[in-house]
Amino acid sequence: MTDLHRVLITGANGYVASWIVKQLLEQGVTVHATVRNKSNTSKYQHLLDINEQTPGSLHVFEADLLESGSFEEAMIGCDVVMHTASPFILQVDDPYEGLINPALQGTENVLETVNKISSVRRVVLTSSVVAIFGDNQDINKVGHDRFTEADWNTTSNADHQPYPYSKTLAERRAWQMVEVQDRWDLVVINPGFVMGPPLSEQSGSESIKTMQQMTDGTLKMGVPELHNGVVDVRNVAEAHIAAAQKDHAEGRHILVNKVLTLLEMSEILRQEFGSKYALPKRELPKFLIWLVAPTVGLTRKYVKQNVGCPIAFNNSKSIEKLGINYIPIDKTLTDHIRAMEVGTKEKMASV
Ligand code: NAP
């Protein structure tokens, strides 16, 4: 185990990154946090508040994924770089502008700066399970009954599944860039669908949107039978920190606790919250979803290759190598809703 001294985290105000910052500050680490616009403090006020209550020390810097060299000032003196910044949006007008360029050029930018800053010994990259598979039905092509770290997404492109494509290109580029030098190493975290208490109301992450739509009545007519590998945001943060600290950490790590359909998630929430929210109570027939897909921003190809297709993951490496003790999924989901119900300050006390 190596102690962490000064850690750079990109996109520090994001849903996942905020939890990494919180846990690092609790451990007394100095955190260099990059945000896109430093003058917009409302996006990272929650981090300033956490900094007041923890032994670590937070320094905020401005950097943009698309601006070459913009991470340099923030990286000076850091031993570890955690690169989490990347848009997590499922529907975009222009897949290059909205997803692929920030993911791929952003990773290149950050790692080119790592090549220049001699204090950096390790990079922890936030990839995703969608760099492992593109469509749920890919499970039938991998030759085993559950996705593993050896699998790669080979089915996404800019027109079909652009977010998975952006994450796959970015992770592949990171592996190429680490191989051509020998000063720093790379450890990758591949989380499934991240759920659990948000520390701020400001994130546009699909994780937050999905939970809002589950509770605000948007999905009350029913949901597609979509199977997702779900994981708690607090476990994802722990995994990043373990990946940075453990000397022998290497390669990719699937972070998934349990595969659940949207309806199963809704049923867990109904047990806890009863009829307080207009939670979905049924699954819509696949044929109906296929029929209306273009009117709700989905392609028929997406529906065909994902709706009604169960998936499974082998998460044993995260348990054995990173020491992850998965938080029960019922707690993940109910803590998420409880955090949405209270303000940021109370939320911090309750999680
Ligand atoms: P999020 O809350 O939207 O965070 C995304 C972060 O990226 C934000 O800080 C955002 O800054 C930043 N960002 C986006 N474009 C940028 C740009 N051009 N320059 C600088 N920063 C930029 O989403 P999240 O769910 O926490 O996702 C964080 C990471 O986890 C991403 O790499 C995502 O692919 C990965 N991941 C998420 C999940 C999940 O279920 N949530 C699952 C697997 C992997 P602004 O706030 O200024 O937009």
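Residues numbered from 1 in each chain as written. Predicted model: local features only at pLDDT ≥ 70, side-chain atom pairs only at ≥ 80, totals over all residues. Heavy atoms only, no water.

Draft legend 1. A look at the site of the ligand. Neighbouring the ligand are 26 residues; Arg36, Tyr163, Ser203, Ser205 and Ser207 lie closest to it. Take Tyr15: an N or O atom from its main chain is 2.8 Å from an oxygen atom of the ligand. Between the ligand and Asp64, the relevant distance is 3.3 Å, taken from a nitrogen atom to a side-chain nitrogen or oxygen of the residue. Notes on the ligand: free accessible area 890 Å², of which the protein chains cover 91%. Sorting the residues of the shell around the ligand by element identifies helix 1 (15–26), helix 5 (162–179) and strand 7 (193–195) as the ones contributing at least two each. Considered class by class, the residues forming the shell around the ligand number ten nonpolar, twelve polar and four charged. (Near = heavy atom within 4 Å. Polar contact = N/O pair within 3.5 Å; in protein donor to acceptor, adjacent residues only side chain to side chain. Areas by Shrake-Rupley, 256 points an atom, 1.4 Å probe, with all protein chains shown as cover. Helix = DSSP H or I, 4+ residues; strand = E, 2+ residues; numbered from the N terminus. Nonpolar A, V, L, I, M, F, W, Y, C, P; charged D, E, K, R; others polar.)

Draft legend 2. Examining the pattern of salt bridges more closely. By the definition in use, this model includes 15 salt bridges. One salt bridge connects Lys317 with Glu250, and the closest N-O pair in it is separated by 3.3 Å. Note that Lys317 is positioned in helix 11 (residues 316–322) and Glu250 in the loop between helix 7 (233–245) and strand 9 (251–255), a separation of 67 residues in sequence. Judged by relative accessible area, Glu250 falls into the partly exposed class, the value being 44%. In this structure, Arg338 and Glu272 form a salt bridge, with 2.4 Å as the shortest nitrogen-oxygen distance. One end of the pair, Arg338, is in helix 12 (residues 329–341); the other, Glu272, is in helix 8 (residues 262–273), with 66 residues separating them in the sequence. For Glu272, a relative accessible area of 41% gives the class partly exposed. Through salt bridges with shared partners, one network takes in Asp232, Arg234, Glu272, Lys331, Asp335 and Arg338. (Salt bridge = Lys/Arg side-chain N within 4 Å of Asp/Glu carboxyl O. Buried < 20%, exposed > 50% of the residue type's maximum accessible area, 1.4 Å probe, protein only.)

Draft legend 3. Representation of the side chain of Ser318 in the model. Of note, Ser318 is situated in helix 11. Polar side-chain contacts of Ser318 include one of 2.6 Å to the backbone oxygen of Asn315.

Draft legend 4. Examining the sheet that holds strand 9 more closely. Across the sheet, which stays open at both edges, the seven strands sit in the order 3-2-1-4-5-6-9 with parallel pairing between neighbours. A single partner strand is all that each edge strand has here, and the edge strands are strand 3 (57–62) and strand 9. On average, each strand axis in the sheet is tilted by 20 degrees relative to the strand beside it, whichever way the strands run. In the sheet, strand 1 (residues 6–10) pairs with strand 4 (residues 80–83) via four bridges, with the strands oriented parallel. Within strand 4, the residue paired with Leu8 across the bridge is Val81. The sheet contacts of helix 4 (residues 95–116) involve strand 1, strand 4 and strand 5 (122–126), and relative to strand 4 the element is tilted by about 175 degrees. Against the sheet, helix 7 touches strand 4, strand 5, strand 6 (185–191) and strand 9, its axis set at about 160 degrees to strand 5. (Pairing = 2+ DSSP bridges. Axes fitted to C-alpha atoms, helices over the stretch in contact; angles between N-to-C directions. Contact = heavy atoms within 4.5 Å.)

Draft legend 5. Representation of the nonpolar core. The biggest cluster of nonpolar side chains holds 43 residues, and the ones touching the most others in it are Leu24 and Met82. For this core, the secondary structure elements donating two or more residues are strand 1, helix 1, strand 2 (30–35), helix 2 (45–52), strand 3, strand 4, strand 6 and helix 7. Leave out the neighbours within four places in its chain, and Met82 touches Val7, Leu8, Ile9, Thr10, Ile20, Leu24, Val124, His240, Ile241 and Ala244. The next biggest cluster of nonpolar side chains, apart from the first, holds 24 residues, and it includes Met214, Leu219, Leu263 and Ala293. (Core = buried A, V, L, I, M, F, W, Y, C linked by side-chain atoms within 4.5 Å.)

The quantities given are spatial measurements derived from coordinates; they are silent on function.
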